[in-house]
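Residues per chain are reported as follows:
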Amino acid sequence: MEEFTVVGKRLPRVDAVVKATGEAMYAADMELPGMLHGKMLRSPHPHARILNIDTGRAERLQGVKAVVTAKDTLGYRYGDLILGKGDEPFLATEKVRFVGDEVAAVAAVDEDTAEEALQLIDVEYELLPAVFDPLEAMEEGAPLLHEHAANNIACKSTMRFGDVEAGFRRSDCVREDRFETQPVCHAFLEPHAALATYDSTGKITFWGSKQSPYFTYRNMPRALGLELSKVRIVQPFIGGGFGGKNEMFSLDFTAALLSMKTGKPVKIVYGQEEVLSAGRQRNPTIMDIKTGVGKDGTIMAIKCRIVANGGAYISIGRMTRYLMGSVLALPYRVPNLEYDGYRVYTNNQVCCAQRGHGVPQVRYAAESQLDMIARELDIDPLDIRLKNALQPGDNTVNGFRITSCGLTECLQKAGEIKKWREEWGELPPNKKRGIGFGAYGFVSGPRVAGHNTAGAMVKVHEDGAISVLTGATDSGQGSDSCLSQIAAEVLGLGLDKVRLVMPDSEVTPLDPGTFGSRVTFVSGNAVWIAADDARKQLAEVGAELLGAHPEELVFRNEQVFVRDDPEKNMPFTKLVKSACYSGTGRTIMGRGYFAPELEVPNYETGEGNMSATYSFGAQAAEVEVDTDTGKITVTRMKVLHDCGRAINPMHVEGQLEGSVCGGLGQALLEDKIKGKDTGQASNPSFMEYKLPSAVDMPDIESEAVETIDPVGPFGAKESGEGVQVSTVPAITNAVYDALGVMVKTLPVTPEKILKALEKENEE
Amino acid sequence: MRRMPRFEYHAPASAGETASLLSEYGDAARLIAGGTDLLISMKQRLSTPEHLISLSSVTGLDAVDYDEKTGLRMGAAVTLASLTQSPPIKDKYPALEAAARKVGSVQVRNIATLGGNLCLDTRCWYYNQSDYWRQSRPPCHKTGGEVCHVVEGSKRCFAVYSGDTAPILMAMGAEVKLMSGGGERVISLGELFTGDGLRPNAVEPHEFLSEISVPPPAAGSGVAYVKLRLREEVDFPIMGVAARVTMSDGAFGSAPQGFKVVLNAVGSAPVEVEGAGEMLAGKAPEQAALEEVAQVARASVHPQANTAGTPEYRRMMVPVLVKHALTEAAAAASS
Amino acid sequence: MKQLISLNVNGETHELAVFPWRTLQEVIREELKLTGTKKGCDTGDCGACTVLLDGRAVLSCLLLAVRCQDAEIVTIEGLAESKDRLHPLQEAFVNHGAIQCGFCTPGVILTAKALLDSNPNPTKEEIRVGISGNLCRCTGYAKIIEAIQAAQSA
Ligand SMILES: Cc1cc2nc3c(=O)[nH]c(=O)nc-3n(C[C@H](O)[C@H](O)[C@H](O)COP(=O)(O)OP(=O)(O)OC[C@H]3O[C@@H](n4cnc5c(N)ncnc54)[C@H](O)[C@@H]3O)c2cc1C
Ligand code: SF4
Ligand code: FES
Ligand code: FES
């Protein structure tokens, strides 16, 4: 008999049908009677003092119901989840700090009127000098964005482990390189949307495109001066998040504020242009990295200085600069490690988490440099990775405890692509091919700050179906299905017996949301426990009916039977009905909660085990370069990911394939083109901001490598963020393999390729 | 992006009605064909006409006819999709079919028209933006101001023309018919383009483009359009090159008129490389001959930093694409 | 200034008074409340607003509603035969894991429908080209292509 009946199966997602029919409601699709439409007024200047805002003309426009500015707020500032020292007002107070900063908002009877009203708000600005380059921003005398941050340094980390200088002395090859990465948009297709309604009991009900509704739940009451439970956050379907829909943003707050002002429901939907030009993005970085390696390929030491151009506000920047250092050496054994990380304020769009949060940048630098070193030492790029790969039971110098780890297996399988070389045959003179590898490790369910607890309830319906209630959000990654499969397995039910319940802060238990690849691991454990609790409650009744001990009962295939005497059995539905209807009746409601036992790491010095477990993986790319035009085509990729156990292999593959879209985009296509002198992106559209289309994507072989984690639910870890961490270096290393030159700034454009080749020819 | 601005909508049923609406409303009116370009610029408030005159119900304006003697005639409102599916075009003008296929996506081509593609407005990083985006700077020449954000101190506009069907049609010697209440005039497609970034085409406010005609393909001639872009579909060209060559006995034909090389998306109009015919006629179709044209082409353009692809890269690519286009055209002529 | 138009959507004729400047997308979402047609960009770049107009895939954000008078429009809501019978493409998308966040899904499915109607046996490359006007950030397109291939042989 197979071990599991639901877990590990390639089952369709629980939400797929309503998404296929268009019935799934996203925040922008929702409407309430009497609803008003809100719009934001944004700053046209990168840095300016607000002298006066005159809303009179806008207020007098027929159809306008309210206009709000900072003076209508309590001055609450958001951002900085770690220290709680937020620096970003929902509506700009004394200053604006980038083009796109929100200044005022309007609610009107329809969108057209709201738009028109924006044109009638008169803001008087005193222009201030602005700074866009992070290195310039750190210089003495640079324009200061925030009074509290000298040299515009929002935060820094100084990590010192072992003795890097000694490590370099023992090395046979030491390289120092500077790598730079570009700003990258999350590029979810669904722009931010929020709908809020304030009722006469003083309660706000809110629907929004939030991948972590809990953040809004916690922030909104503070920002509006309400009691916590006077704010109710209800989750609609989310059109992708990738880290960009975690925080509570201006529109979320403002929709609620406008609803309080007008007494009507208010909806605000951003346009994609607003998202791309004023929304969050991935931190661009300047990375100076030095790595020392012995003749045999052993990594001796890594030293790295990273300046992250974080934009106008802190957001989750403290975490970013910590992760860039603490995950710098992952997935390798590195005895000596030194890191100086700075997150710097500039008058640019604000940066936050994005799939892989800070780690894709450092992996690009470290993995690319590793290939350059391997070449100098004449070691195969795959071998150098295998040589240094972390193994189960290892501890890293900064204190990460590696429990399960399938990196070696991932690398070995990735190595199978070497046979692709034999398929190339003779290439035309203007075509070059290459293959490359990238390896990685990532956290799964980290301890960030505050709590990381997840709660779950499993409600058993009278007909034998169940509802799984959690606060964990499916932003598209598939967690609802994953959690449902866990619950179904525990209760021996088919997945079709699970009814989908969206998070609702009034109903579903505590859960911080979707980030840090925590949902499967942390919320999954909570659901497992809750389902098991429900099972125990039913087993008590079943034991009586079947004349056995509760522990002897097995729940499987919608039957309940006695383990050693399967003849003694009954259908699950019958058991449920007996439990619900006999005697006083019972409410079968399983309850579970889980938090990994972790200390909060030291974000400044980097010490501590931030995550209960770590995922690992390897990606391999094959590219073809046209040396006439410099264009790179990624022809094939093979991606392997140690996700612990694949609760649903099809969905793990989907995550891996999606990660190639994000990673390939960052490697080759995506960039914010900066216009002169304003820091504003010149390409705030999907026409000019080039996320990959179907023709730009290679064929992908994807595979989940299972290691069965000791703590994860059914042994599962994560397959959300980690998967995208090394797509970029797999591609850049393949280009390096093809051409023998490494392009050290992203994206690797055709022009950079041609220039690098030109330079190479000159030398 | 803003919602659409207000306007009055007219859907004339005939060419005559179209002409009279145009003379009635003059500057206050704008023609809309597919609208795939115009609607975006209206949302961006680059264009806020009081009257919109739709060409989509004008009878006969989407016709495609082929005659062995007179060649191909295409109504201006034919969609790019039907152009790619039209038997005479697939059969006799495969390079035109291929060029049309390189415009936008399936969905765009299903609505976008040939006339709209030829009358496409010029593009620039500082122009094709919403009114909100543009507030951060003073207006430039093309939005009614006095400055250019691309070339500082310039008195003119450098916005780029990038319609993908124009170069190949120019290479094939196409002519266009402009209609108005006062009658019609026929000009060469080359003459349609003014080279002025502000007003890229010669269609007067009271006129509309009604027909595009292409001579029958000459014996031994081949045409090709190569388009460079970062993403292989949907994107506008970083640049493009169309070429026409005539071949005879494995060499280039002897008549210079048999050759044409047209560069796209490097200036405010498609640019014909001067003297290409003289450089190629009678030569062996080898790299050396192509190289000369390629270098002349490179020297003839001055792309600016206002669209995807840096000016430097686009200049670097001119000779490369010219050679590709000529090679492809030669191959087409020989097959 | 509103114009009376009759709009045939999913086999049903609607008599509507609309401003001429309303896009088909706005009318479908805001007047007819068919919110399966998504607004991803409003500028023709993402394909999330794709609907079928006389059987061809078009972008409803770049079409004026007044122009669609007399045409037959199909939105994602009109694709399945009934609530308990999905269209084979929908079925394939569900079963092959081609749907993640689902925001691109209605548009991709309709584009695929038009593709298969005009070319019942597209190659993988033809599928890639055919759906290149529909952006998807989640799936990497692999399972979308797989699903379309499965639907074509279904
Ligand atoms: C996602 C996307 C991708 C695109 N990619 C490309 C591309 O790769 N290559 C490319 O060339 N274009 C591209 N375009 C631009 C545009 O879609 C095409 O150029 C299209 O052919 C324009 O035709 P239309 O009928 O839609 O023009 P419209 O928008 O209707 O009109 C464009 C302009 O021409 C004028 N006009 C239209 N018809 C006439 C006429 N008969 N007489 C006089 N004036 C007229 C209009 O007044 C307007 O000023 C793209 C657009 C989008 C949205
Ligand atoms: S080239 Fe100069 S004048 Fe022309 S649109 Fe661009 S910025 Fe304006
Ligand atoms: S919303 Fe129409 S193409 Fe994006
Ligand atoms: S499934 Fe999310 S954009 Fe396609």
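Residues numbered from 1 in each chain as written. Chains lettered and ligands numbered in written order. Predicted model: local features only at pLDDT ≥ 70, side-chain atom pairs only at ≥ 80, totals over all residues. Heavy atoms only, no water.

(A) Main features of a negative patch on the surface. Residue and element names in this part refer to chain A. Together, Asp133, Glu136, Glu139 and Glu180 give the surface a local cluster of negative charge. Within the element layout of this structure, Glu139 appears in the loop between helix H4 (134-137) and strand E9 (153-161). On the basis of relative accessibility, which here comes to 47%, the residue Glu139 falls in the partly exposed class. (Patch = residues over 30% accessible without salt bridge, like charges linked within 9 Å, V, L, I, M, F, W, Y side chains within 5 Å. Areas by Shrake-Rupley, 256 points an atom, 1.4 Å probe, with all protein chains shown as cover. Salt bridge = Lys/Arg side-chain N within 4 Å of Asp/Glu carboxyl O. Lys, Arg positive; Asp, Glu negative; His and termini not counted. Charge placed at Lys NZ, Arg CZ, Asp CG, Glu CD. Helix = DSSP H or I, 4+ residues; strand = E, 2+ residues; numbered from the N terminus. Buried < 20%, exposed > 50% of the residue type's maximum accessible area, 1.4 Å probe, protein only.)

(B) Focus on the packing of helix H2 (residues 88-95) of chain C against helix H3 (residues 105-118) of chain C. All names here are of chain C. The N-to-C vectors of H2 and H3 enclose an angle of 130 degrees; their axes lie 10 Å apart at closest approach. The angle between the axes of H2 and H3 places the two elements in the oblique class. H2 and H3 meet at a crossing whose hand is right-handed. Along the contact surface, H2 presents Leu89, Gln90 and Phe93, while H3 presents Thr105, Val108, Ile109, Ala112, Lys113 and Leu116. (Axes fitted to C-alpha atoms, helices over the stretch in contact; angles between N-to-C directions. Parallel < 35°, antiparallel > 145°, perpendicular 65-115°, else oblique. Left-handed = near helix turned anticlockwise from the far one by under 90°. Contact = heavy atoms within 4.5 Å.)

(C) Expanded view of the domain arrangement of chain B. Considered domain by domain, chain B is made up of domain 1 (1-59) and domain 2 (221-334). Here the C-alpha centroids of domain 1 of chain B and domain 2 of chain B sit 35 Å apart. (Domains from an automatic or database assignment.)

(D) Quick look at the interface of chain C and chain B. Counting residues at the interface gives 30 residues for chain C and 27 residues for chain B. Together, the buried faces of chain C and chain B total about 2400 Å²; carbon and sulfur atoms form 60% of this surface. On the chain C side of the interface with chain B, the three residues burying the most area are Trp21, Leu62 and Arg67 of chain C, jointly 28% of the side's total. The tally of links from chain C across to chain B stands at three salt bridges. Salt-bridge contacts for Arg3 of chain B lead to Glu26 of chain C; the nearest nitrogen and oxygen are separated by 3.5 Å. Linking chain C with chain B are nine residue pairs in polar contact (both at pLDDT 80 or more). Of all the secondary-structure elements, those providing two or more residues to the side of chain C that touches chain B are helix H1 (24-31), strand E3 (50-53), strand E4 (56-59) and helix H4 (124-130) of chain C. Broken down by element, the side of chain C that touches chain B gets its largest block of residues, four residues, from E4 of chain C. Along the lines of polarity and charge, the residues of the side of chain C that touches chain B split into 13 nonpolar, 10 polar and seven charged. (Buried area = accessible area lost by both parts, 1.4 Å probe. Polar contact = N/O pair within 3.5 Å; in protein donor to acceptor, adjacent residues only side chain to side chain. Nonpolar A, V, L, I, M, F, W, Y, C, P; charged D, E, K, R; others polar.)

(E) The domain arrangement of chain C, seen in detail. Residue and element names in this part refer to chain C. Taken domain by domain, chain C consists of domain 1 (3-78) and domain 2 (88-152). The C-alpha-based centres of domain 1 and domain 2 are spaced at 21 Å. With 16 residues of domain 1 in contact, the opposing surface of domain 2 contributes 12 residues. Note on domain 1 versus domain 2: buried area summed over both sides is about 1100 Å², and carbon and sulfur give 68% of it. Our count for the contact surface shared by domain 1 and domain 2 stands at zero salt bridges. Ranked by residue count, the leading element in the side of domain 1 that touches domain 2 is E3, at three residues. Class assignment of the residues belonging to the side of domain 1 that touches domain 2 gives a composition of seven nonpolar, six polar and three charged.

(F) Molecular detail of the sheet that holds strand E22 (residues 466-470) of chain A. Residue and element names in this part refer to chain A. With mixed pairing, the four strands of this open sheet are ordered in space as E23-E22-E21-E27. Pairing within the sheet leaves two strands with one partner each, and these edge strands are strand E23 (498-500) and strand E27 (589-594). Between one strand axis and the next, the sheet turns by 25 degrees as a mean value, whatever way the strands run. Alignment of E22 against E23, held across three bridges, turns out to be parallel. Bridge pairing in E23 links Val468 to Leu500. Sheet contacts for helix H13 (residues 479-491): strand E21 (454-460), E22 and E23; angle to E22, the most-contacted strand, approximately 130 degrees. Against the sheet, helix H14 (residues 519-546) contacts E21, E22 and E27, and its axis sits at roughly 150 degrees relative to E27. (Pairing = 2+ DSSP bridges.)

(G) Just the site of ligand 2, in detail. The full set of residues close to ligand 2 is Cys124, Tyr126, Tyr127, Cys140, His141, Lys142, Cys148, His149, Val150, Cys157, Phe158 and Ala159 of chain B. Of the residues contributing to the shell around ligand 2, the split by class is nine nonpolar, two polar and one charged. (Near = heavy atom within 4 Å.)

(H) The arrangement of the site of ligand 1 in detail. Near ligand 1, the surroundings consist of 38 residues, among which Arg30, Leu31, Gly35, Thr36 and Thr113 of chain B are the closest. Neighbouring residues of ligand 1 are not confined to a single chain but are spread across chains A, B and C. With respect to ligand 1, the backbone of Gly104 of chain B contributes an N or O atom lying 3.1 Å from an oxygen atom. A distance of 2.6 Å separates an oxygen atom of ligand 1 from a polar side-chain atom of Thr113 of chain B.

(I) Region of interest: the interface of chain A and chain C. Each side of the interface is counted separately: chain A has 53 residues, and chain C has 45 residues. Between chain A and chain C the total buried area reaches about 3800 Å² when both faces are included, carbon and sulfur atoms providing 56% of it. It is Ala20, Leu189 and Ala694 of chain A in chain A that bury the most area against chain C; as a group they hold 16% of the surface buried on that side. Counting the contacts that link chain A with chain C gives 10 salt bridges. Of the charged contacts, one joins Lys143 of chain C and Glu653 of chain A as a salt bridge, the two residues approaching to 2.8 Å between their closest N and O atoms. Those elements that provide at least two residues to the side of chain A that touches chain C are helix H1 (16-21), helix H3 (111-119), helix H16 (649-669) and strand E30 (699-706) of chain A. With eight residues, H16 of chain A is the largest single contributor of residues to the side of chain A that touches chain C. Of the residues contributing to the side of chain A that touches chain C, the split by class is 27 nonpolar, 14 polar and 12 charged.

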